[in-house]
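Architecture and fold: a report
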Amino acid sequence: MSETQTLTAALAPWLAERFGPTARIADLRLLAGGASQQAWRLALDGADAPALIVRRDLGGRMFATALGRADEYAVIALAHQAGVPVPEPYAYLPDIEGKEAFVMACLEGETIGRRIVREPRLQAARGRLAAQMGTALAAIHSIAPEKAAFLPGPAAGEGPAAYGLRLLEQELAAVDEPYPALELGLAWLRERMPAETAPVLCHGDYRVGNMVVDEKGLVGVLDWEFAHRGHPGEDLTFGAIRAWRFGQASRRYGGVGDMADFLDAYNTARGTRFTERELYWFEVASNLKWGIATVTQARRHLSGQEPSLELASLGRMTAEIELEILSLLDPRHPRHPGD
């Protein structure tokens, strides 16, 4: 049987339990993207039947701290209860053909970053998207972190910025190959630790490309597998790095708008006063995070663990990110905060 037929059979018992014995799959198709998970769009027979997404493990993880499907489902449910724009969670399924999975509502809209930053029909949406993402992130960070105690986070007595740096050091050390620009970035971060703050629930991969967008703007926030308890600066800068502008370098936030619009919306919603200057440390850290991720993903392909053209292509990005890190470390960079 094909993978589609196999999954159809595996999902049938849950569908019958949730929607009744007559529930039938009208269409099941694998969506593009997903370096560590599959996303299947599931349509049921019947005009009123909801469209669903099945998120299923592929077997590898981009970072050692990436969540399993049970915890990812739990954090989406937590965000949904708090009013964050996320897909409605339906069920966690511990074994779908030997892989963990969960089911959530399918949000209609565009998710491909390069289309979001370019398509003419989304021009009006781009004008408001940065601010909408700032407001949505404020809602995520406002969730009481004790409700997310099941997520990874700082050790006792450890600040969230120090925790984030420790994870980067561990991930790069596990590569066991020299990457001088990445190592220089880590050294720069160690020497300039920022002020610590109380940890928040971080999305961990907050950027254009992990959002559903339609003509009105933000529809929902996807891809929570890197959620953790950490410093808000992580989420505030990850979506602004050059890699997530999808070629629209002049639009510093996600290739769609100004960083100021994003921060103003966030600060207004949360009552904070974060500035680009004080977030510069986290911008460097966010570039390092993605740079290390491209290395580790490429190694999954090169080692034979999971041969994949997509994983191999990520390895080609490493040099671009190293160049960006070196630019950010240069005291002549126009936004460099000075030492």
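Let us look at the structure shown here. Computed from a predicted structure; not experimentally measured.

Conventions adopted
Residues numbered from 1 in each chain as written. Predicted model: local features only at pLDDT ≥ 70, side-chain atom pairs only at ≥ 80, totals over all residues. Heavy atoms only, no water. Pairing = 2+ DSSP bridges. Helix = DSSP H or I, 4+ residues; strand = E, 2+ residues; numbered from the N terminus. Axes fitted to C-alpha atoms, helices over the stretch in contact; angles between N-to-C directions. Contact = heavy atoms within 4.5 Å. Left-handed = near helix turned anticlockwise from the far one by under 90°. Nonpolar A, V, L, I, M, F, W, Y, C, P; charged D, E, K, R; others polar. Phe/Tyr/Trp six-rings, centres within 6.5 Å; stacked < 30°, edge-to-face > 60°. Buried < 20%, exposed > 50% of the residue type's maximum accessible area, 1.4 Å probe, protein only. Lys NZ or Arg CZ within 6 Å of the ring centre and 35° of its normal.

Turning our attention to the sheet that holds strand 1 (residues 25-30). One open sheet accounts for five strands, arranged 1-2-3-5-4; its pairing is antiparallel. Edge strands, defined here as strands with exactly one partner in the open sheet, are strand 1 and strand 4 (89-96). Going across the sheet, the axis of each strand differs from the next one's by a mean of 20°, ignoring polarity. Along the sheet, helix 1 (residues 3-19) contacts strand 1, strand 2 (37-44), strand 3 (52-57), strand 4 and strand 5 (99-105); its crossing angle with strand 4, the most-contacted strand, is approximately 130°.

Moving on, we get to unusual backbone geometry. The phi torsion at Asp176 lies on the positive side, around 60°, for a residue other than glycine. Residue position: Asp176 is located in the loop between helix 5 (160-175) and helix 6 (180-190).

Closest axis-to-axis distance for the helix 4 (residues 123-141)/helix 8 (residues 259-270) pair is 7 Å, and the angle between their directions is 35°. Judged by the twist between their axes, the crossing of helix 4 over helix 8 is right-handed. The segment helix 4 lies against helix 8, with Ala130, Ala131, Met133, Gly134, Thr135, Leu137, Ala138 and His141 engaging Asp261, Phe262, Ala265, Tyr266, Ala269 and Arg270. Per-class residue counts for the contact of helix 4 with helix 8 are nine nonpolar, three polar and two charged.

The subject of this paragraph is the packing of aromatic side chains. Centre-to-centre distance and the angle between the planes together describe a pair of aromatic rings. For the structure shown, the criterion picks out 10 aromatic pairs. Taken together, a centroid distance of 6.0 Å and an interplanar angle of 45° make the contact between Trp244 and Phe246 tilted. Considered together, Trp244 and Phe246 belong to a single accessibility category, that of buried residues. Seen in terms of ring centroids, Trp281 and Phe282 are 4.9 Å apart; in terms of plane orientation they differ by 75°. Their pairing is edge-to-face. Of the two residues examined, Trp281 and Phe282, each falls in the buried class. If you follow Arg207 out to its NZ or CZ, it ends over the ring of Trp244, 3.6 Å from the centre. When the ring centre of Phe238 is taken as reference, the NZ or CZ atom of Lys289 above it lies at 4.8 Å.

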